[in-house]
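Fold and geometry: a report
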Amino acid sequence: MRNVDIVIIGSGIAGGLLARQLRLACPDLGVLVLEAAPAMEDYKVGESTVEVAANYMVRRLNLGTYLYQHQLPKNGLRFFFDSEGKDLPLPRMSEIGSDHMPFHPSFQLERARLERDLVTMNRAAGAEVELGAKVVDVAIDGRGRHRVVYEQGGERREVACRWVCDASGRRHVLFRKLGVKVHKETRLNTAAAWGRYRGVAGLDAVTDAAWRSRARYTARHLSTNHFMYDGYWIWFIPLAGDLMSVGVVFDKDRIGEGNAPAGTLPGPRTRADFERFLGAHRAARELLEGAELEDFQSYAHLPYHAEQYFSTDRYAVTGEAGAFTDPFYSPGSDFIATANEFITQLILSDVAGDRAGFEEKVAAYDAYYRFKYDSTLRLYERMYPMFGSFELYRLKYLLDFNNYYNLVAWPFMADRVTDVGWIREELRFTDLVLRALSTMGEHFASLASDLRARGEYFAQNEGRFANGLNGVAQLETRLGPTIDEGFRREQVDRAYGSVFAALVERRLGERGLSDRARVVSELKLPQVLVFRDITPERLTRLLERIAERMTRELRGEFPDAGVERVELGAGGEVSVTGPAAGTAAHAAVLSRARALWDASAGSLAHIAL
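No experiment lies behind these values; they were computed from the predicted model shown.

Further remarks concern the packing of aromatic side chains. Applying the stated criterion across every chain, the model contains 39 aromatic pairs. For the pair Phe328 and Tyr393, a centre-to-centre distance of 6.0 Å together with 75° between the ring planes defines the contact as edge-to-face. Of this pair, Phe328 sits in the loop between β19 (315–317) and α10 (332–351) while Tyr393 sits in helix α12 (residues 390–413); the two residues are 65 residues apart in sequence, bridging distant segments of the chain. Judged by relative accessible area, which is 0%, Tyr393 ranks as buried. Against the face of Phe324 rests Arg170, its NZ or CZ located 5.4 Å from the ring centre. Directly above the aromatic system of Trp211 lies the positively charged group of Arg220, at a separation of 3.6 Å from the ring centroid.

This is the structure in structure tokens:
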């Protein structure tokens, strides 16, 4: 029986990147990768990466030169919004997107090519990579060496190892052999269908001068382009060479069989359904004119999770072998980067003989990974009903993008994500974070229902542009190896205050409310969480608290004026009682009160770049 230190099941993107990381970090350890496919030719979805995964590949795996030479740089996330009849031409659709390449890089990956190249790179780095090697049995021995049995070329072979890492994707090889249950997620009921097209001219082939200048002629083609609709979204992702990945992700509770709104198609399940579905949307139909669909795949259900991902018995899972949430925001490769970082640190601790440190890391990493899944799932849980409204989604993206840069990307770039002390501190706020995500999701869903009832859901879906970098410009130059915890907390409060104030303004029709400094500063995250319902009564209580603070301040500024009370009314009215009306003292106090009330918050919801 052969003996190696580490067996990785699967040489897709998760297993291939893990093998490379282990060879770089642990060059004295033997790595064997067992890949069931005889050749790395399978077209796989998951081409779009975001900043964490890109940082991991460039900084940790030294793949920057490779990615720029053989894959495509990505021009951020981009979103387009259509009319209710799905008949707007692309240049008239409202849009959220950047007008220049983002500060922190990301990439569009042609997965089969990357995975083939990783096999070559990993073999050159000293890893053994066996193709056509199907794992048929795994026996875990927590006190000794594990046993992995695989079939290759008609022969049955065995290998003994200290570590088993499963990167087999949705086959869940290790969990199936161990009898570990993988739970189908019920909180998010999404499915997907996708294919690759050849001969798509692309978004940059659109010649409308005003539309091109709106984004300062930046390459929309290089973005992960989302076409947004009530209950689903369509992606257009360019791949190296003459290929375009096109897919649909849909909420089965909204457009599944029998659930499609009148006059629309249900979510596509077959190739014919898929082409018919895309053809019902003018912008997609025009982009695909003359293009040829090369292949088609689908998943009947997307999200799932397990109860444990890393074990003190020296096994671990990475990528889709463990969990998956949803492809919106492209988090899959971020999960891979996080899991691979954890696995590498666990193996280093184990090999060093640090049993206490190893067990401590297993517990912390597993708890954090479960929290990462749950928080990501809650981020998506109520999103699909609001996707089709530019007005709604602009605010949601503003909050989500700020939180991603601040709370996810920054700690990863600063190498804090594997620090047990940092993880413990983050996990102290698990309940707060999950409640914040659920609470904001409920508010957005309620406003979406409100706007539908008013006939205003699609009101801003034509002719508008929002710079997708709004709300993170102040973070771009701060992200790096040093974390400023005070600044991070300020940004959380500013993002939640800005967005929630805008929701209150829209829900209650209080124009001008959302950029008042006094309102935004009063709506820090803890206050937002207790603001369970957006009602006139709740707003009245909020204004009363602000008025009380202003009253105390004015008494301090005008100690001899006899200020008794400041009152803030609907429509921005301000009144002051105490100083006699018509006197110089009353005029001075009232002027100051109005200045305080009218002071701009510099709300993220109002910033224009």
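Bringing unusual backbone geometry into the picture now. Although it is not a glycine, His172 adopts a positive phi angle of roughly 50°. Inspection of the secondary structure assignment puts His172 in the loop between β10 (155–166) and α5 (173–178). Here the phi dihedral of Asp415 falls at roughly 60°; this positive angle occurs in a residue that is not glycine. Mapped onto the elements, Asp415 comes out in the loop between α12 and α13 (420–427).

With that settled, consider the sheet that holds strand β5 (residues 94–97). Taken together, eight strands build an open sheet; the order of strands is β16-β12-β15-β14-β13-β4-β5-β20 and the sheet is mixed. The outermost strands of the open sheet, each flanked by one partner alone, are β16 (292–299) and β20 (465–467). Adjacent strand axes in the sheet meet at a mean angle of 15°, parallel and antiparallel pairs treated alike. Across three bridges, the pairing between β5 and β20 is parallel. Counterpart to Gly97 in the pairing with β20 is Asn467.

Another aspect to go through is the side chain of Lys396. Examined against the element boundaries, Lys396 turns out to sit in helix α12. Taking the relative accessible area as the measure of exposure, Lys396 reaches 6% and is therefore buried. If we skip the residues at most four places from it in the chain, Lys396 touches Tyr329, Leu379, Met383, Met386 and Phe444.

Two side chains bearing opposite charge may form a pair once their charged atoms approach each other closely. Inspection of the entire model under this criterion finds 50 salt bridges. One salt bridge connects Glu115 with Arg111, and the closest N-O pair in it is separated by 3.0 Å. Pair noted here: Glu115 and Arg111 are both in helix α4 (residues 111–124), with a separation of four residues, about one helical turn. Residue Glu115 is classed as buried on the basis of its relative accessible area of 1%. Taking the relative accessible area as the measure of exposure, Arg111 reaches 10% and is therefore buried. Three or more residues joined by partner-sharing salt bridges are found here, namely Glu391, Asp450, Arg454, Glu456, Arg506 and Arg507.

The terminal C-alpha atoms of α10 lie 29 Å apart, and with 20 residues this matches the ideal 28 Å at 1.5 Å per residue to within 8%. Most of α10 is tucked away: 16 of the 20 residues are buried. A positive phi of about 80° marks Gly353, the residue just after α10.

Quick look at the packing of α12 against helix α14 (residues 430–454) now. Axis separation between α12 and α14 bottoms out at 10 Å; the angle between their running directions is 170°. The orientation of α12 with respect to α14, classified from their angle, is roughly antiparallel. Side by side, α12 and α14 meet where Glu391, Leu392, Leu395, Lys396 and Leu399 of the first sit next to Met440, Phe444, Leu447, Ala448 and Leu451 of the second. The residue makeup of the contact of α12 with α14, split by class, is eight nonpolar, no polar and two charged.

Side chains on a regular strand alternate between the two faces of the sheet. In terms of residue burial, strand β9 (residues 146–152) counts as a mostly covered element, since five of its seven residues are buried. When strand β8 (residues 134–139) meets β9, the two strands line up antiparallel, connected through five bridges. Within the sheet, the bridge partner assigned to Ala139 lies in β9 and is Arg147. Between the antiparallel neighbours β8 and β9 lie six residues. For β9 and β10, the ladder comprises seven bridges, and the chain directions are antiparallel. From the neighbouring strand, Val149 faces β10, where its bridge partner is Glu158.

So, on to the environment of Ser603. Inspection of the secondary structure assignment puts Ser603 in the segment after α20 (584–598). A residue is classified by how much of its surface remains accessible, and Ser603, at 1% relative accessible area, is buried. Separated by 28 residues in the primary sequence, Ser603 and Ser575 place their C-alpha atoms 25 Å from one another. Apart from residues no more than four positions distant in its own chain, Ser603 is found in contact with Ser498, Ser514 and Asp515. In this structure the side chain of Ser603 is engaged in a polar contact, spanning 3.5 Å, whose partner is the side chain of Ser498.

A separate point is the environment of Tyr365. Position of Tyr365 among the secondary structure elements: in helix α11 (residues 355–381). On the basis of relative accessible area, Tyr365 is assigned to the buried category, the value being 0%. Along the backbone, Tyr365 and Phe342 are 23 residues apart, and their C-alpha atoms lie at a distance of 6.5 Å. If we ignore the near neighbours within four places in the chain, the residues touching Tyr365 are Phe310, Phe342, Gln345, Leu346, Thr418, Val420 and Ile423.

Moving on: the side chain of Thr376. Checked against the element boundaries, Thr376 lands in helix α11. Every residue in contact with Thr376, bar those within four places of it in the chain, is listed here: Thr325 and Phe335.

Before going further, it helps to examine the nonpolar core. Ranked by size, the top nonpolar core spans 173 residues in total, and within it Ile8, Phe79, Phe310, Phe328, Tyr329 and Tyr393 carry the most contacts. By residue number, the principal contributor to this core is α12, which donates 14 residues. Setting aside its immediate chain neighbours within four residues, Tyr329 contacts Val50, Leu77, Phe79, Leu379, Tyr380, Met383, Tyr393, Lys396, Tyr397 and Asp400. Leu203, Tyr229, Phe236 and Met244 belong to the second-largest nonpolar core, a separate cluster that totals 30 residues.

All right, on to the environment of Asp273 then. Note on placement: Asp273 falls in helix α8 (residues 271–279). C-alpha separation for the pair Asp273 and Ala193, spaced 80 residues apart in sequence, amounts to 9.5 Å.

So, about α14. In an α-helix there are 3.6 residues to a turn, and that puts residues three or four apart on one side. Helix length check: α14, at 25 residues, gives a terminal C-alpha distance of 36 Å against a target of 36 Å (1.5 Å per residue), a fit within 8%. Immediately downstream of α14, the backbone of Gly455 shows phi near 75°, a positive value.

So, on to the packing of α14 against helix α16 (residues 485–508). The contact between α14 and α16 brings their axes to 11 Å, and the two run at 25°. The pairing of α14 with α16 is recorded here as roughly parallel in orientation. At the point where α14 passes α16, the crossing takes the left-handed sense. Of the residues in α16, those touching α14 at Ala436, Met440, His443, Phe444, Ser446, Leu447, Asp450, Leu451 and Arg454 are Tyr496, Val499, Phe500, Leu503, Arg506 and Arg507.

Basis of the calculations
Residues numbered from 1 in each chain as written. Predicted model: local features only at pLDDT ≥ 70, side-chain atom pairs only at ≥ 80, totals over all residues. Heavy atoms only, no water. Phe/Tyr/Trp six-rings, centres within 6.5 Å; stacked < 30°, edge-to-face > 60°. Helix = DSSP H or I, 4+ residues; strand = E, 2+ residues; numbered from the N terminus. Buried < 20%, exposed > 50% of the residue type's maximum accessible area, 1.4 Å probe, protein only. Lys NZ or Arg CZ within 6 Å of the ring centre and 35° of its normal. Pairing = 2+ DSSP bridges. Axes fitted to C-alpha atoms, helices over the stretch in contact; angles between N-to-C directions. Contact = heavy atoms within 4.5 Å. Salt bridge = Lys/Arg side-chain N within 4 Å of Asp/Glu carboxyl O. Expected span 1.5 Å × (residues − 1). Parallel < 35°, antiparallel > 145°, perpendicular 65-115°, else oblique. Nonpolar A, V, L, I, M, F, W, Y, C, P; charged D, E, K, R; others polar. Polar contact = N/O pair within 3.5 Å; in protein donor to acceptor, adjacent residues only side chain to side chain. Core = buried A, V, L, I, M, F, W, Y, C linked by side-chain atoms within 4.5 Å. Left-handed = near helix turned anticlockwise from the far one by under 90°.

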